Amino acid sequence: DTGASLLTIDDEHANTMIASGDAFDLEDSIELEIANGEKINARQILIRKILIGDVLIENVIAASTPRNPKLLGMSLLKKFRTWKLSEDGNWFRYKK
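Keep in mind that this is a model prediction, so the values were computed, not measured. Numbers given to residues run from 1 along each chain, matching the order in which its sequence is written. Restriction of local features to residues with pLDDT of at least 70 applies here, the model being predicted, together with a cutoff of 80 or more for giving and counting side-chain atom pairs; totals for whole chains, interfaces and linings are based on all residues. Side-chain descriptors were evaluated using all non-hydrogen atoms of the structure, hydrogens and water having been removed beforehand.

### Observations regarding the overall build of the chain
Phase 1 of the analysis: Under the DSSP-based scheme used, a helix requires at least four consecutive residues in state H or I and a strand at least two consecutive residues in state E, with every element numbered from the N terminus. Each helix and strand in the chain was counted, giving 2 helices and 6 strands.
Phase 2 of the analysis: From first element to last, N terminus to C terminus, the chain shows the α and β order β-α-β-β-β-α-β-β.
Phase 3 of the analysis: Computation of the radius of gyration draws on C-alpha atoms alone. For the globule rule, the value is 2.2 Å times the number of residues to the power 0.38. Expected size for 96 residues packed as a compact globule is a radius of gyration near 12 Å; at 13 Å, the chain falls within 12% of this value.
Phase 4 of the analysis: For the chain, the C-alpha atoms occupy an extent of roughly 35 × 30 × 20 Å along the three principal directions.
Phase 5 of the analysis: Residues counted as buried form 36% of the 96 residues belonging to the chain.
Phase 6 of the analysis: Contact between two residues is taken to exist if any of their heavy atoms lie within 4.5 Å; hydrogens are not considered. Considering only contacts within the chain whose residues lie at least 6 apart along the sequence, 50% involve residues at least 24 apart.
Phase 7 of the analysis: Reported accessibility uses the Shrake-Rupley method at a 1.4 Å probe radius. Residues are deemed covered only where the shown protein chains occlude them. For the chain, the exposed surface amounts to about 6,300 Å²; the carbon and sulfur share of it is 49%. A 1.4 Å probe rolled over the protein chains alone gives each residue an accessible area, and that area as a share of the maximum for its type sets the label: buried under 20%, exposed over 50%, partly exposed in between.

Here it is, written out as structure tokens:
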């Protein structure tokens, strides 16, 4: 979903990343509106590094929720010069 503002991950992965030092809890609680209009609570985290293919992306703001669809939101996608996601979600092309 490229309409998402933030990269989103589930709390389990966020907690693992925070415990290992790969992410930091920004201690900000936010409310997100998902595609069906439902509002859910989330916390913001800063992910230090994400490796996509051979490209290292640093300092990405993400949202962590107990249950969520994992989304490549604009907080990650804007770090690429150009990108394209197939409509069926089977491929992602990018240039750093």
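### Observations regarding the sheet that holds strand 2 (residues 23–33)
Phase 1 of the analysis: The 4 strands are arranged 1-4-3-2 in an open sheet whose pairing can be described as mixed. Looking at the sheet topology across the chains shown, the edges are occupied by strand 1 (7–10) and strand 2. Between one strand axis and the next, the sheet turns by 40° as a mean value, whatever way the strands run.
Phase 2 of the analysis: At least two bridges found by DSSP between two strands is the condition for calling them paired. With 4 bridges joining them, strand 1 and strand 4 (residues 55–65) adopt parallel strand pairing. When the sheet's bridge partners are listed, aspartate 10 is paired in strand 4 with threonine 65.
Phase 3 of the analysis: Axis geometry follows a simple rule: fit a line to the C-alpha atoms, using only the stretch in contact for helices, then measure angles between N-to-C directions, giving values from 0 to 180 degrees. Sitting on the sheet, helix 1 (residues 11–20) touches strand 1, strand 2, strand 3 (39–52) and strand 4, and the angle it makes with strand 1 is about 95°.

### Observations regarding unusual backbone geometry
Phase 1 of the analysis: For glutamate 27, which is not glycine, the phi torsion reads 60° and is therefore positive.
Phase 2 of the analysis: Mapped onto the secondary structure, glutamate 27 falls in strand 2.
Phase 3 of the analysis: A positive phi angle, near 55°, is found at asparagine 59, a position not held by glycine.
Phase 4 of the analysis: Within the secondary structure, asparagine 59 sits in strand 4.
Phase 5 of the analysis: Residue classification places asparagine 59 among the partly exposed residues on the basis of a relative accessible area of 44%.

### Some details on the nonpolar core
Phase 1 of the analysis: The definition of a nonpolar core used throughout is a set of buried Ala, Val, Leu, Ile, Met, Phe, Trp, Tyr and Cys residues joined through side-chain atoms within 4.5 Å. Formed by 15 residues in total, the largest nonpolar core has its most connected members in Leu7, Ile45, Ile47, Ile50, Ile57 and Leu76.
Phase 2 of the analysis: Looking at this core, the elements that each hand over two or more residues are strand 1, helix 1, strand 3 and strand 4.
Phase 3 of the analysis: Setting aside anything within four residues of it in sequence, one finds isoleucine 50 in contact with Leu7, Val55, Leu56, Ile57, Val60 and Leu76.

Limitation: the analysis is restricted to geometry and does not speak to function.
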